[in-house]
Amino acid sequence: MRGLDFSSWQAVLSTLGGLAIITLLGVGIRLLVMQTLQARRERENRQINERLRTLMAAYKVLGGSFTGDLGVDPSHLRQLRERAHQQGIVEPGSDRSRRIRDAVEAALSDILLLGTDDQVRLAAHAATELAQGRPVHTHALVVSLRDFIREALDLAPIPTGLQIPHQGPTRPAAGGAAKGRADAGERGGKAGGGGGAGMGAMGGLGAGMAVGTQATDDTPEAR
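Presented here is a report on the structure given in the accompanying data block. (Residues numbered from 1 in each chain as written. Predicted model: local features only at pLDDT ≥ 70, side-chain atom pairs only at ≥ 80, totals over all residues. Heavy atoms only, no water.)

A few words on helix α1 (residues 9–62). Helix length check: α1 (54 residues) gives 78 Å between terminal C-alpha atoms against 80 Å at 1.5 Å per residue, within 8%. Those residues of α1 not exposed but buried are Ala-11, Val-12, Thr-15, Leu-52, Thr-54, Leu-55, Ala-58 and Leu-62. Looking at the packing, one finds that the buried side of α1 touches α3 (96–114), α4 (117–131) and α5 (139–152). (Helix = DSSP H or I, 4+ residues; strand = E, 2+ residues; numbered from the N terminus. Expected span 1.5 Å × (residues − 1). Buried < 20%, exposed > 50% of the residue type's maximum accessible area, 1.4 Å probe, protein only. Contact = heavy atoms within 4.5 Å.)

A few words now on the side chain of Glu-129. Its place among the elements puts Glu-129 in helix α4. On the accessibility criterion, Glu-129 (15% relative accessible area) is buried.

Take the nonpolar core next. Leu-62, Val-104, Leu-108, Ile-111, Leu-130, Leu-141 and Leu-145 are the most contacted members of the largest nonpolar core, which has 19 residues in total. Counting only elements with at least two residues in this core, the list comes to α1, α3, α4 and α5. Look past the residues within four positions of Leu-145 in its chain and what remains in contact with it is Leu-55, Ala-58, Tyr-59, Leu-62, Ile-111 and Gln-119. (Core = buried A, V, L, I, M, F, W, Y, C linked by side-chain atoms within 4.5 Å.)

A surface patch of nonpolar side chains, amounting to about 470 Å² of accessible area, comprises Ile-21, Leu-25, Ile-29, Val-33 and Leu-37. Relative to the assigned elements, Leu-25 resides in helix α1. Relative accessible area serves as the criterion here: at 53%, Leu-25 is assigned to the exposed category. (Patch = residues over 30% accessible without salt bridge, like charges linked within 9 Å, V, L, I, M, F, W, Y side chains within 5 Å. Areas by Shrake-Rupley, 256 points an atom, 1.4 Å probe, with all protein chains shown as cover. Salt bridge = Lys/Arg side-chain N within 4 Å of Asp/Glu carboxyl O.)

Structure representation (structure tokens):
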């Protein structure tokens, strides 16, 4: 209050002007700080959401099955063909194991990028086992992903006494390649049928025009 001078109108105006400038500076600084904090919070939320989305997709790939063979076969297509040749089979009947391996490798790559320390360690171990040609089980990694995702979404942890079967990689739908070949054959048949019908129609039209021309030449006027 000692710096305020109300002895004259000029002093009052200068005092009010100084107070207004100080108030505007304070409000501007506050707005700038709030916008900076809001932009940082939005960027962090986007990063968290993208991380959760990626890890949830990896969880579905690695833990979408409860029955059957829950391990990952590291064999490549060449190895599958060699194995089929040794067994006297001309061509492997299904490439499901290869598609499961490809999906698991992509999920492990995402976890190595965005996972926690424990998840990265488990994913690195699984990737090493695959690279060395040994079968891999992903149940421990699935449990770590499940606990992390539930904690990030503020969900209650899984009850301790609840028994959950071991989880393995999601099995892709069988017959995808065969269905694609059948669809291609069907489209080719339709195209061939349409082309045959078109040629037949053109041939019939040409024959009709020839008959009409011959009938015109046989009229009395023509003779």
